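For reference, the chains in residue letters:
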Amino acid sequence: MTVPGQDQAVAPPAEGRRGTAATRSRGRISVAGVLGELLITAGVFVLLFLGWQQWLNDIIVGTQLHNHSVQQSQTWNKAAVGPTKAPQPDAPPVITATIANAQKFALLIVPRFGADYYRPIAQGTGVRDVLNKGELGHYPTTQMPGALGNFAIASHRKAYGGNLEHINELHVGDHIFVETQDGWYQYEFRNLQYVNPTGVGVIDPVPEQAGLQPTDRMITLTSCNPFFSTAERIIAYGSFDTFTPRADGPPAEIAATVTGKS
Amino acid sequence: MYAALWRVLPGAWWVRVLILVVALAAVLSALEFWVFPWVDQIVAPQDVTVSQ
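Residues numbered from 1 in each chain as written. Chains lettered and ligands numbered in written order. Predicted model: local features only at pLDDT ≥ 70, side-chain atom pairs only at ≥ 80, totals over all residues.

**Some words on the overall build of chain A**
The criterion, for reference: Where helices and strands are cited, they refer to DSSP runs of H or I of at least four residues and of E of at least two residues respectively, numbered from the N terminus. Note on contacts: residues are paired as contacts if their backbone-placed C-beta atoms lie within 7 Å.
The helix and strand inventory of chain A stands at 4 helices and 8 strands. Along chain A, from the amino end to the carboxyl end, the secondary structure elements read α-α-α-β-β-β-β-β-β-β-β-α. Sequence separation of at least 24 residues holds for 60% of the intrachain contacts in chain A that already meet a minimum separation of 6.

Now the structure itself:
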(Lines give C-alpha, C1' and ligand atoms only; values in the text may rest on other atoms or scores of the structure.)
Protein backbone atom coordinates (compact mmCIF):
# COMPACT_ATOMS: atom_id res chain seq x y z
CA MET A 1 0.00 0.00 0.00
CA THR A 2 2.71 2.41 0.95
CA VAL A 3 5.14 0.94 -1.54
CA PRO A 4 4.05 2.83 -4.69
CA GLY A 5 4.00 6.12 -2.82
CA GLN A 6 7.47 5.58 -1.43
CA ASP A 7 8.86 4.67 -4.79
CA GLN A 8 7.47 7.80 -6.31
CA ALA A 9 8.87 9.92 -3.52
CA VAL A 10 12.35 8.49 -4.05
CA ALA A 11 12.34 8.59 -7.83
CA PRO A 12 9.67 10.78 -9.37
CA PRO A 13 9.01 10.07 -13.06
CA ALA A 14 10.17 13.57 -13.95
CA GLU A 15 13.79 12.45 -13.44
CA GLY A 16 13.80 10.74 -16.80
CA ARG A 17 15.19 7.50 -18.15
CA ARG A 18 17.87 6.85 -15.53
CA GLY A 19 15.52 7.40 -12.62
CA THR A 20 12.87 5.15 -14.10
CA ALA A 21 15.36 2.36 -14.64
CA ALA A 22 16.64 2.65 -11.06
CA THR A 23 13.11 2.53 -9.74
CA ARG A 24 12.37 -0.52 -11.85
CA SER A 25 15.47 -2.47 -10.79
CA ARG A 26 14.85 -1.72 -7.11
CA GLY A 27 11.12 -2.22 -7.12
CA ARG A 28 10.77 -5.19 -9.42
CA ILE A 29 11.54 -8.77 -8.53
CA SER A 30 13.90 -10.37 -11.04
CA VAL A 31 13.70 -14.08 -11.89
CA ALA A 32 17.41 -14.60 -11.22
CA GLY A 33 17.15 -12.84 -7.89
CA VAL A 34 14.26 -14.96 -6.70
CA LEU A 35 15.92 -18.12 -7.98
CA GLY A 36 19.12 -17.26 -6.14
CA GLU A 37 17.30 -16.59 -2.91
CA LEU A 38 15.30 -19.81 -3.26
CA LEU A 39 18.53 -21.78 -3.74
CA ILE A 40 20.10 -20.18 -0.68
CA THR A 41 16.93 -20.98 1.26
CA ALA A 42 17.07 -24.59 0.08
CA GLY A 43 20.70 -24.82 1.20
CA VAL A 44 19.86 -23.46 4.63
CA PHE A 45 16.95 -25.94 4.81
CA VAL A 46 19.27 -28.88 4.14
CA LEU A 47 21.78 -27.70 6.74
CA LEU A 48 19.01 -27.21 9.30
CA PHE A 49 17.68 -30.68 8.55
CA LEU A 50 21.10 -32.28 9.04
CA GLY A 51 21.56 -30.36 12.27
CA TRP A 52 18.18 -31.57 13.46
CA GLN A 53 18.73 -35.18 12.36
CA GLN A 54 22.28 -35.62 13.57
CA TRP A 55 22.30 -33.53 16.70
CA LEU A 56 19.15 -31.87 17.98
CA ASN A 57 16.81 -34.84 17.51
CA ASP A 58 19.27 -37.22 19.20
CA ILE A 59 19.03 -35.06 22.30
CA ILE A 60 15.23 -34.86 22.11
CA VAL A 61 14.76 -38.59 21.45
CA GLY A 62 17.47 -39.54 23.96
CA THR A 63 15.71 -37.61 26.71
CA GLN A 64 12.34 -39.17 25.82
CA LEU A 65 13.83 -42.69 25.85
CA HIS A 66 15.58 -42.04 29.16
CA ASN A 67 12.36 -40.81 30.77
CA HIS A 68 10.45 -43.77 29.37
CA SER A 69 13.03 -46.19 30.76
CA VAL A 70 12.97 -44.67 34.25
CA GLN A 71 9.17 -44.95 34.27
CA GLN A 72 9.26 -48.52 32.97
CA SER A 73 11.69 -49.52 35.70
CA GLN A 74 9.46 -48.01 38.38
CA THR A 75 6.44 -49.79 36.92
CA TRP A 76 8.34 -53.07 37.19
CA ASN A 77 9.32 -52.21 40.76
CA LYS A 78 5.66 -51.86 41.68
CA ALA A 79 4.69 -55.03 39.86
CA ALA A 80 7.33 -57.10 41.66
CA VAL A 81 5.63 -59.18 44.31
CA GLY A 82 7.48 -60.43 47.36
CA PRO A 83 11.15 -61.32 47.64
CA THR A 84 12.54 -63.24 44.70
CA LYS A 85 14.54 -66.35 45.23
CA ALA A 86 18.15 -65.99 46.25
CA PRO A 87 20.48 -64.84 43.45
CA GLN A 88 21.87 -67.71 41.45
CA PRO A 89 24.70 -66.35 39.33
CA ASP A 90 24.97 -69.62 37.44
CA ALA A 91 21.41 -69.68 36.19
CA PRO A 92 19.68 -66.30 35.91
CA PRO A 93 15.96 -66.22 35.09
CA VAL A 94 15.08 -66.13 31.42
CA ILE A 95 12.00 -64.64 29.78
CA THR A 96 9.97 -67.56 28.46
CA ALA A 97 6.85 -65.73 27.32
CA THR A 98 6.48 -64.96 23.62
CA ILE A 99 6.95 -61.27 23.01
CA ALA A 100 5.03 -59.62 20.19
CA ASN A 101 6.88 -57.78 17.45
CA ALA A 102 7.79 -54.19 18.36
CA GLN A 103 6.85 -54.75 22.01
CA LYS A 104 9.35 -53.28 24.46
CA PHE A 105 10.50 -55.83 27.01
CA ALA A 106 13.92 -54.78 28.31
CA LEU A 107 16.16 -51.78 28.96
CA LEU A 108 19.81 -51.23 28.16
CA ILE A 109 22.23 -49.39 30.44
CA VAL A 110 25.85 -48.79 29.47
CA PRO A 111 27.70 -46.58 31.97
CA ARG A 112 30.43 -45.91 29.37
CA PHE A 113 27.83 -44.19 27.19
CA GLY A 114 26.94 -41.72 29.94
CA ALA A 115 25.14 -41.66 33.29
CA ASP A 116 21.79 -40.89 31.65
CA TYR A 117 22.10 -43.64 29.03
CA TYR A 118 18.96 -45.73 29.58
CA ARG A 119 17.28 -47.06 26.43
CA PRO A 120 14.40 -49.47 25.72
CA ILE A 121 14.87 -52.72 23.82
CA ALA A 122 11.97 -53.97 21.68
CA GLN A 123 11.33 -57.27 19.94
CA GLY A 124 12.28 -57.38 16.25
CA THR A 125 14.57 -55.27 14.10
CA GLY A 126 11.97 -53.49 11.96
CA VAL A 127 13.30 -50.18 10.67
CA ARG A 128 10.13 -48.18 11.10
CA ASP A 129 8.38 -49.92 13.99
CA VAL A 130 11.45 -50.28 16.21
CA LEU A 131 14.78 -48.82 15.10
CA ASN A 132 13.62 -45.44 13.83
CA LYS A 133 11.76 -44.88 17.09
CA GLY A 134 15.15 -44.86 18.78
CA GLU A 135 14.65 -48.26 20.39
CA LEU A 136 17.15 -51.06 20.20
CA GLY A 137 15.82 -54.07 18.33
CA HIS A 138 16.24 -57.66 19.49
CA TYR A 139 16.93 -60.13 16.67
CA PRO A 140 13.91 -62.40 17.22
CA THR A 141 15.84 -65.52 16.23
CA THR A 142 18.37 -65.00 19.00
CA GLN A 143 18.12 -65.85 22.67
CA MET A 144 16.72 -63.82 25.55
CA PRO A 145 18.86 -62.07 28.20
CA GLY A 146 20.57 -64.52 30.51
CA ALA A 147 19.84 -67.55 28.33
CA LEU A 148 22.56 -69.86 27.11
CA GLY A 149 23.42 -68.49 23.70
CA ASN A 150 23.39 -64.98 22.31
CA PHE A 151 21.18 -61.99 23.11
CA ALA A 152 21.66 -59.95 19.92
CA ILE A 153 20.35 -56.41 19.51
CA ALA A 154 20.72 -53.77 16.79
CA SER A 155 20.44 -50.00 16.80
CA HIS A 156 21.32 -46.89 14.87
CA ARG A 157 24.79 -45.47 15.32
CA LYS A 158 23.78 -41.87 14.78
CA ALA A 159 20.38 -40.20 14.42
CA TYR A 160 17.13 -41.68 15.81
CA GLY A 161 18.49 -41.31 19.32
CA GLY A 162 22.05 -42.30 18.38
CA ASN A 163 21.94 -45.31 20.69
CA LEU A 164 25.27 -46.84 19.66
CA GLU A 165 27.16 -43.70 18.69
CA HIS A 166 29.96 -44.49 21.13
CA ILE A 167 30.05 -48.26 20.61
CA ASN A 168 33.66 -48.03 19.42
CA GLU A 169 34.67 -46.36 22.70
CA LEU A 170 33.85 -49.38 24.89
CA HIS A 171 36.79 -50.64 26.96
CA VAL A 172 37.42 -54.30 27.66
CA GLY A 173 35.64 -55.14 30.92
CA ASP A 174 33.09 -52.31 30.64
CA HIS A 175 29.75 -53.36 32.04
CA ILE A 176 26.67 -53.63 29.84
CA PHE A 177 23.43 -53.99 31.79
CA VAL A 178 20.18 -55.39 30.48
CA GLU A 179 17.20 -54.78 32.72
CA THR A 180 14.02 -56.83 32.55
CA GLN A 181 11.07 -57.24 34.87
CA ASP A 182 13.11 -59.83 36.78
CA GLY A 183 16.18 -57.70 37.44
CA TRP A 184 19.54 -56.69 36.01
CA TYR A 185 21.80 -58.84 33.86
CA GLN A 186 25.37 -57.64 33.94
CA TYR A 187 27.53 -58.38 30.93
CA GLU A 188 31.19 -57.58 30.45
CA PHE A 189 32.30 -56.08 27.17
CA ARG A 190 34.81 -58.36 25.50
CA ASN A 191 35.71 -57.20 21.99
CA LEU A 192 34.69 -55.42 18.80
CA GLN A 193 34.42 -56.93 15.36
CA TYR A 194 33.82 -55.40 11.95
CA VAL A 195 31.89 -57.46 9.40
CA ASN A 196 30.10 -57.11 6.08
CA PRO A 197 26.35 -56.47 6.22
CA THR A 198 25.80 -60.13 5.37
CA GLY A 199 27.86 -61.35 8.34
CA VAL A 200 24.94 -63.05 10.07
CA GLY A 201 27.35 -65.32 11.96
CA VAL A 202 27.75 -62.66 14.63
CA ILE A 203 24.28 -63.37 16.00
CA ASP A 204 24.71 -67.17 16.14
CA PRO A 205 24.25 -68.70 19.63
CA VAL A 206 28.03 -69.10 19.58
CA PRO A 207 29.09 -66.14 17.41
CA GLU A 208 30.63 -67.15 14.07
CA GLN A 209 30.30 -70.84 15.02
CA ALA A 210 27.05 -71.94 13.41
CA GLY A 211 25.61 -75.15 14.79
CA LEU A 212 27.78 -75.24 17.89
CA GLN A 213 25.97 -75.85 21.19
CA PRO A 214 26.31 -72.73 23.38
CA THR A 215 27.81 -72.98 26.85
CA ASP A 216 28.12 -69.22 27.44
CA ARG A 217 25.61 -66.41 27.82
CA MET A 218 26.53 -63.70 25.30
CA ILE A 219 25.29 -60.27 24.31
CA THR A 220 25.89 -58.89 20.82
CA LEU A 221 25.32 -55.30 19.77
CA THR A 222 25.27 -54.51 16.06
CA SER A 223 25.28 -51.10 14.38
CA CYS A 224 26.48 -49.54 11.15
CA ASN A 225 30.05 -48.59 10.36
CA PRO A 226 31.56 -46.19 9.51
CA PHE A 227 29.45 -43.22 10.57
CA PHE A 228 26.85 -42.18 7.96
CA SER A 229 27.49 -45.35 5.99
CA THR A 230 26.03 -48.81 5.62
CA ALA A 231 29.16 -50.35 4.10
CA GLU A 232 30.00 -52.41 7.18
CA ARG A 233 28.62 -53.40 10.55
CA ILE A 234 30.35 -52.81 13.87
CA ILE A 235 29.80 -55.58 16.39
CA ALA A 236 30.36 -55.46 20.15
CA TYR A 237 30.40 -58.68 22.19
CA GLY A 238 29.92 -59.13 25.89
CA SER A 239 29.72 -62.16 28.12
CA PHE A 240 27.38 -62.67 31.05
CA ASP A 241 28.75 -61.82 34.45
CA THR A 242 26.14 -61.67 37.21
CA PHE A 243 22.42 -61.26 37.74
CA THR A 244 20.84 -59.00 40.36
CA PRO A 245 17.18 -59.73 41.15
CA ARG A 246 14.82 -56.77 41.25
CA ALA A 247 14.11 -57.29 44.94
CA ASP A 248 17.78 -56.53 45.71
CA GLY A 249 17.62 -53.17 43.94
CA PRO A 250 19.84 -52.03 41.09
CA PRO A 251 23.62 -52.60 41.22
CA ALA A 252 25.42 -49.60 42.76
CA GLU A 253 27.12 -48.70 39.48
CA ILE A 254 23.81 -47.93 37.78
CA ALA A 255 21.58 -46.99 40.74
CA ALA A 256 21.55 -43.28 39.81
CA THR A 257 20.67 -44.07 36.19
CA VAL A 258 17.86 -46.45 37.09
CA THR A 259 16.22 -44.07 39.54
CA GLY A 260 16.54 -41.16 37.10
CA LYS A 261 18.73 -39.17 39.48
CA SER A 262 21.78 -39.10 37.25
CA MET B 1 12.20 -11.86 -2.69
CA TYR B 2 13.39 -11.15 0.83
CA ALA B 3 13.95 -7.49 -0.05
CA ALA B 4 10.32 -7.31 -1.18
CA LEU B 5 9.25 -8.96 2.07
CA TRP B 6 11.11 -6.29 4.01
CA ARG B 7 9.39 -3.55 2.01
CA VAL B 8 5.85 -4.84 2.50
CA LEU B 9 6.30 -5.17 6.27
CA PRO B 10 4.67 -2.27 8.11
CA GLY B 11 6.08 -0.12 10.85
CA ALA B 12 9.48 1.13 11.94
CA TRP B 13 12.61 -0.97 11.36
CA TRP B 14 12.54 -2.52 14.82
CA VAL B 15 8.90 -3.52 14.38
CA ARG B 16 9.83 -5.25 11.14
CA VAL B 17 12.76 -7.00 12.81
CA LEU B 18 10.45 -8.16 15.61
CA ILE B 19 7.91 -9.50 13.11
CA LEU B 20 10.67 -11.33 11.23
CA VAL B 21 12.11 -12.86 14.40
CA VAL B 22 8.69 -14.16 15.43
CA ALA B 23 8.02 -15.48 11.92
CA LEU B 24 11.45 -17.17 11.83
CA ALA B 25 10.82 -18.84 15.20
CA ALA B 26 7.46 -20.10 13.93
CA VAL B 27 9.02 -21.45 10.73
CA LEU B 28 11.88 -23.16 12.63
CA SER B 29 9.56 -24.88 15.10
CA ALA B 30 7.25 -26.01 12.29
CA LEU B 31 10.29 -27.49 10.53
CA GLU B 32 11.52 -29.20 13.67
CA PHE B 33 8.25 -30.72 14.79
CA TRP B 34 6.51 -31.55 11.52
CA VAL B 35 8.55 -31.06 8.37
CA PHE B 36 11.84 -32.69 9.41
CA PRO B 37 10.28 -35.84 10.91
CA TRP B 38 8.27 -36.20 7.72
CA VAL B 39 11.30 -35.70 5.44
CA ASP B 40 13.18 -38.17 7.62
CA GLN B 41 10.69 -40.91 6.76
CA ILE B 42 11.28 -40.34 3.05
CA VAL B 43 15.07 -40.26 2.84
CA ALA B 44 16.70 -43.68 2.73
CA PRO B 45 16.89 -45.22 6.20
CA GLN B 46 20.22 -46.48 7.49
CA ASP B 47 20.48 -50.23 7.81
CA VAL B 48 22.06 -51.44 11.01
CA THR B 49 21.23 -55.13 11.07
CA VAL B 50 23.05 -58.12 9.67
CA SER B 51 21.06 -60.17 7.19
CA GLN B 52 21.56 -62.46 4.24
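**Brief notes about helix H2 (residues 13-42) of chain B**
Short version of the rule: Expected helix span is computed as 1.5 Å times (number of residues minus one). Fitting axes to the seven residues that end at a residue and to the seven that start at it, the angle between those axes gives the bend at that residue.
For H2 of chain B, which comprises 30 residues, the first-to-last C-alpha distance of 40 Å matches the rise-based estimate of 44 Å (1.5 Å per residue) to within 8%. Most pronounced at Leu31 of chain B, the bend in H2 of chain B amounts to some 45°.

**Some remarks on the interface of chain A and chain B**
The condition that has to hold: When residues are grouped by polarity, Ala, Val, Leu, Ile, Met, Phe, Trp, Tyr, Cys and Pro land in nonpolar, Asp, Glu, Lys and Arg in charged, and all others, Gly among them, in polar.
With 29 residues of chain A in contact, the opposing surface of chain B contributes 18 residues. Secondary structure elements with two or more residues in the side of chain A that touches chain B: helix H3 (31-79) and strand S7 (217-225) of chain A. Its residues assigned to classes, the side of chain A that touches chain B shows 15 nonpolar, 11 polar and 3 charged.

**Focus: the confidence of the model for chain B**
Basically, it comes down to this: Values of pLDDT, ranging from 0 to 100, describe the predictor's confidence in every residue of the model.
Per-residue confidence for chain B gives a mean pLDDT of 88, with 94% of residues at or over 70. Our summary of model confidence lists the complex with pTM equal to 0.81 and ipTM equal to 0.86.

**Some details on the pairing of strand S6 (residues 183-195) of chain A**
All names here are of chain A. Definition in use: In short, DSSP must find at least two bridges between two strands for them to pair.
In this sheet, S6 lies alongside strand S5 (residues 175-179) in antiparallel orientation, the contact comprising 5 bridges. Among the inter-strand pairings, His175 is bridged to a residue of S6, identified as Glu188. Once S5 ends, the chain turns through 3 residues before running back antiparallel as S6. Where S6 lies against strand S8 (residues 232-245), 12 bridges are found, and the strand directions are antiparallel. Along S8, the bridge assignment pairs Leu192 with Ala236.

**Focus on H3 of chain A**
Using the following cut-off: Residues with at least 20 other C-beta atoms within 10 Å of their own are called buried, those with 12 or fewer are called exposed, and the rest are partly exposed. The C-beta atoms themselves are positioned from the backbone.
With 49 residues, H3 of chain A extends 67 Å from end C-alpha to end C-alpha; this agrees with the ideal 72 Å at 1.5 Å per step. Three or more residues of H3 of chain A are buried, namely Trp52, Asn57, Asp58, Val61, Gly62, Leu65, His66, Ser69 and Ser73 of chain A. Its buried side turned inward, H3 of chain A meets strand S1 (104-109), strand S2 (118-123), S5 and helix H4 (255-258) of chain A together with H2 of chain B.

**Re the sheet that holds S1 of chain A**
Two pairing modes exist for strands in a sheet, parallel and antiparallel, and in both the strands are linked by backbone hydrogen bonds. Residues and elements named next belong to chain A. The condition that has to hold: To obtain an axis, a line is fitted to C-alpha atoms, over the contacting stretch when the element is a helix, and the angle between two such axes runs from 0 to 180 degrees between their N-to-C directions.
The strand order around the closed barrel built from 8 strands is S1-S2-S3-S4-S7-S8-S6-S5, with neighbouring strands paired in mixed fashion. With strand direction ignored, the average angle separating the axes of adjacent strands in the sheet is 35°. Sheet analysis places strand S4 (residues 149-154) next to S7, joined by 6 bridges and oriented parallel. Within S7, the residue paired with Asn150 across the bridge is Met218.

**What to know about the packing of H3 of chain A against H2 of chain B**
The criterion, for reference: Working definition: roughly parallel below 35 degrees, roughly antiparallel above 145 degrees, roughly perpendicular at 65 to 115 degrees, and oblique for all remaining angles.
Relative to each other, H3 of chain A and H2 of chain B sit at 85°, their axes nearing to 10 Å. Taken together, the axes of H3 of chain A and H2 of chain B lie roughly perpendicular to each other. On H2 of chain B, the residues touching Leu48, Phe49, Trp52 and Gln53 of chain A of H3 of chain A are Leu31, Glu32, Phe36, Val39 and Asp40 of chain B. Grouping the amino acids of the contact of H3 of chain A with H2 of chain B by side-chain chemistry returns 6 nonpolar, 1 polar and 2 charged.

**Regarding the environment of Asp174 of chain A**
All names here are of chain A. As for its placement among the helices and strands, Asp174 is situated in the loop between S4 and S5. When the C-alpha atoms of Asp174 and Gly43 are compared, they prove to be 42 Å apart, with 131 residues separating the residues in sequence. Those residues within four positions of Asp174 in sequence are excluded, and the remaining contacts are Arg112 and Phe189.

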